[in-house]
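# Summary of structural features
Below are the chains, spelled out letter by letter.
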Amino acid sequence: MHEYDPSAQAEGDLYDYSGDTQTADVPTTTDVLPDGRTVVIYGDAEGDTRFNHHQGDNPYGVKGDCGLVSCQDVLLQHGINVTEADVVKHAAQNGECVIASNPEQSGGTSPESQAQLLRDYGVDAHAEKGDSIDQLANHIEKGQQVIIGVNAGVLWNDSRYYENGQANHAVTVTAVVRDQQTGQVLGVVLNDSGDGRTKFVDANTLTQAWTNTGGQCVVAN
Amino acid sequence: MDRIALHADLLSYSEARRRLLTMGIVMSDVPIESAVSLPLPTNRWSIPGYAVFAGPALRIPGEAPIQAAPDRWWVYGARGGHLLIYALQAVQSFVPGELFSDVTLNNSSRTIDEMREDLAVLDRLMDGLVPAFFAGAAGELDRRRAVSETLSLVIPSQLTPRYRALVPDFFAWLEA
């Protein structure tokens, strides 16, 4: 897993691979890996970095709201200008998040409630179980926004947060990285509100963190 | 003509644990931020099932994770995996009168690969043992001991009281 470097090369030609049709609206860039491979990045990872922030930025004392902050990220990508406080308040008032006795532990959301919140704001969204990284990549390359459920221990490479290996943290995928030569998905770029960082996650880590934990995701059009 | 009785086969423990990942209730009602327990077998509600509890958790990189008291629990059938019961603790507690506190989990000395292997070992042991539990048989002593030891490895000691309160019948059988 690597910190994402937005200083990618200028926009290049679209890579023609056998797969679902890519929309022309999805920005693409090319970059060169340290090993010399040229990659194509589908999605505005650099631009979407500005929608990422460390969760817990609200006046309610809520800290366990990675799902809500991911929803905020998606709404901002849609041009809907909301703060974390706005979505926390909306979710609480509409019964879409947990309200615990300790505010720090409040804010939890299920995939269905995340999708419902997005629909409340006028964004067409649904929860689903993803079967593969290629399926996830297809969503991004079609211009959709995706929130995925991952295991925080695997994502942060810290066994303290592995627990029983289940999905226990929500992040927003902003781009897919493919090998230009082979078309293979090498990984994704995602906004992680858990540490406020935008990062590249390789396909192997993504498989362990997401696919193998159930492939929970929320897809927005 | 004699009728042939139909029945669903028992899910293996490893299959039951796999199904927990994306069962309907998990996608619709259980917050992704929750700490979800391991499923454990029980006959507590008359029908063979696997019981689970979940509760809020706080995970901040670099800080010890905190698991709050369970706020919900459910049981799904050991045959077919269908939901049998789902309840919020505030409505129907799985242990009336018991109040659990937040627990701060100590640093785990095990790596993720080791924890993954521990769970794989648990799956194999439970696959071999759970049919005896549901059949009301004693089960091999050595296998029960092995499961008991593995559970102590995968379940943080601070969380053991919750598991024991959820499925006291299984623990009583395991330690007989």
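Residues numbered from 1 in each chain as written. Chains lettered and ligands numbered in written order. Predicted model: local features only at pLDDT ≥ 70, side-chain atom pairs only at ≥ 80, totals over all residues.

## Details of the nonpolar core
Spelled out, the test is: Under the definition applied here, buried Ala, Val, Leu, Ile, Met, Phe, Trp, Tyr and Cys residues are grouped into a nonpolar core through C-beta atoms within 7 Å. Comment: burial labels come from other C-beta atoms within 10 Å of the residue's own C-beta, placed from the backbone, where a count of 20 or more is buried, 12 or fewer is exposed, and between is partly exposed. Here the contact rule is simple: place C-beta atoms from the backbone, and any two residues whose C-beta atoms are within 7 Å are in contact.
Counting 92 residues, the largest nonpolar core has A:Val146, A:Val150, A:Ala175, A:Val188 and B:Val52 as its most contacted members. Filtering out sequence-adjacent residues up to four positions away, B:Val52 remains in contact with B:Leu20, B:Val36, B:Ser37, B:Pro39, B:Trp73 and B:Trp74.

## Some remarks on the sheet that holds strand β8 (residues 103-104) of chain B
All names here are of chain B. Using the following cut-off: Criterion used throughout: strands pair if DSSP finds at least two bridges between them. By the criteria applied, helices consist of DSSP H or I runs no shorter than four residues and strands consist of E runs no shorter than two, each listed in order from the N terminus.
Strand order across the open sheet formed by 3 strands is β4-β5-β8, with antiparallel pairing between neighbours. Both edges of this open sheet fall to β4 (57-58) and β8, since each of them pairs with a single strand only. Of the pairings in the sheet, the one linking strand β5 (residues 66-67) to β8 comprises 2 bridges and is antiparallel in character. Along β8, the bridge assignment pairs Ile66 with Thr104.

## Regarding the interface of chain B and chain A
Threshold: Residue polarity is assigned by list, with Asp, Glu, Lys and Arg as charged and Ala, Val, Leu, Ile, Met, Phe, Trp, Tyr, Cys and Pro as nonpolar; anything else, Gly included, falls into the polar class.
Opposite the 30 residues of chain B that make contact, chain A presents 38 residues. Elements represented by at least two residues in the side of chain B that touches chain A include exactly α2 (24-28), β1 (35-36), β4 and α3 (112-135) of chain B. Per-element tally for the side of chain B that touches chain A: the top contributor is α3(B), with 4 residues. When the residues that make up the side of chain B that touches chain A are grouped by side-chain class, the tally is 19 nonpolar, 6 polar and 5 charged.

## Considering unusual backbone geometry
Of note, A:Glu163 is a non-glycine position whose phi angle comes to about 55°, a positive value. Among the structural elements, A:Glu163 can be located in the loop between α6 (152-155) and β6 (169-179). For B:Ser46, which is not glycine, the phi dihedral falls at a positive 75°. As for its position among the elements, B:Ser46 is in the loop between β2 (40-42) and β3 (49-55).

## Structural notes on the pairing of strand β2 (residues 28-32) of chain A
Consecutive residues of a regular strand have side chains that alternate between opposite faces of the sheet. Residues and elements named next belong to chain A. Relative to strand β3 (residues 38-42), β2 runs antiparallel, the two sharing 5 bridges. Bridge pairing in β3 places Thr30 opposite Val40. A loop of 5 residues connects β2 with β3, the two strands running antiparallel in sequence, and Gly36 in this loop sits at a positive phi of about 95°.

## Observations regarding the packing of helix α1 (residues 13-20) of chain B against α3(B)
Residues and elements named next belong to chain B. The criterion, for reference: To get an axis, fit a line to the C-alpha atoms, keeping to the stretch in contact for a helix; angles then go from 0 to 180 degrees between the N-to-C directions. The scheme is simple: roughly parallel for angles under 35 degrees, roughly antiparallel for over 145, roughly perpendicular for 65 to 115, oblique for anything else.
Following both chains from N to C, one finds α1 and α3 inclined at 120°, their axes separated by 7 Å at the closest point. Overall, the two elements α1 and α3 adopt an arrangement that is oblique. For the pair α1 and α3, contact is made by Tyr13, Ser14 and Arg17 and by Asp123, Met126, Asp127 and Val130, respectively. Residue classes in the contact of α1 with α3 are distributed as 3 nonpolar, 1 polar and 3 charged.

## Points about the environment of B:Thr160
Inspection of the secondary structure puts B:Thr160 in helix α5 (residues 160-166). In this structure, the C-alpha to C-alpha distance between B:Thr160 and B:Pro31, residues 129 residues apart in sequence, is 22 Å.

## Quick look at helix α2 (residues 66-77) of chain A
Residues and elements named next belong to chain A. As a reminder of what qualifies: To estimate how far a helix should extend, the number of its residues minus one is multiplied by 1.5 Å.
Taking 1.5 Å as the rise per residue, α2 with 12 residues should run 16 Å; its terminal C-alpha atoms sit 16 Å apart, in good agreement. With 10 of its 12 residues buried, α2 lies for the most part within the structure. Among all positions of α2, only Cys66, Gly67, Leu68, Val69, Ser70, Cys71, Gln72, Asp73, Val74 and Leu75 are buried. Contacts made by the buried residues of α2 are with α3 (84-93), α4 (111-120), β5 (145-150), β6, β7 (185-192) and β9 (216-220). Immediately downstream of α2, the backbone of Gly79 shows phi near 80°, a positive value.

## Some remarks on α3(A)
Residues and elements named next belong to chain A. Let me state the cut-off plainly: In this description, one arc is meant: the one made by directions from the helix axis to the C-beta atoms.
Among the residues of α3, those classed as buried are Glu84, Val87, Val88 and Ala91. The arc enclosing the buried residues of α3, seen along the axis, measures out at 100°, which places them on a common side. Among the residues trailing α3, Gly95 stands out with phi positive, at a value near 65°.

## Let's talk about the environment of B:Met126
Residue and element names in this part refer to chain B. Structurally, the position occupied by Met126 is in helix α3. Look at Met126 and you get buried, because 25 C-beta atoms sit within 10 Å. Along the chain, Met126 and Asp102 lie 24 residues apart, while their C-alpha atoms are 29 Å from each other. With sequence-adjacent residues up to four places away left out, Met126 is seen in contact with Tyr13 and Val147.

## Structural notes on the environment of A:Val146
Residues and elements named next belong to chain A. Mapped onto the elements, Val146 comes out in strand β5. Using a count of 25 C-beta atoms within 10 Å as the deciding quantity, one classes Val146 as buried. A C-alpha to C-alpha distance of 9.7 Å links Val146 and Leu190, two positions 44 residues apart in sequence. Not counting residues within four places of it along the chain, the set of residues in contact with Val146 comprises Leu136, His139, Ile140, Val173, Cys217, Val218 and Val219.

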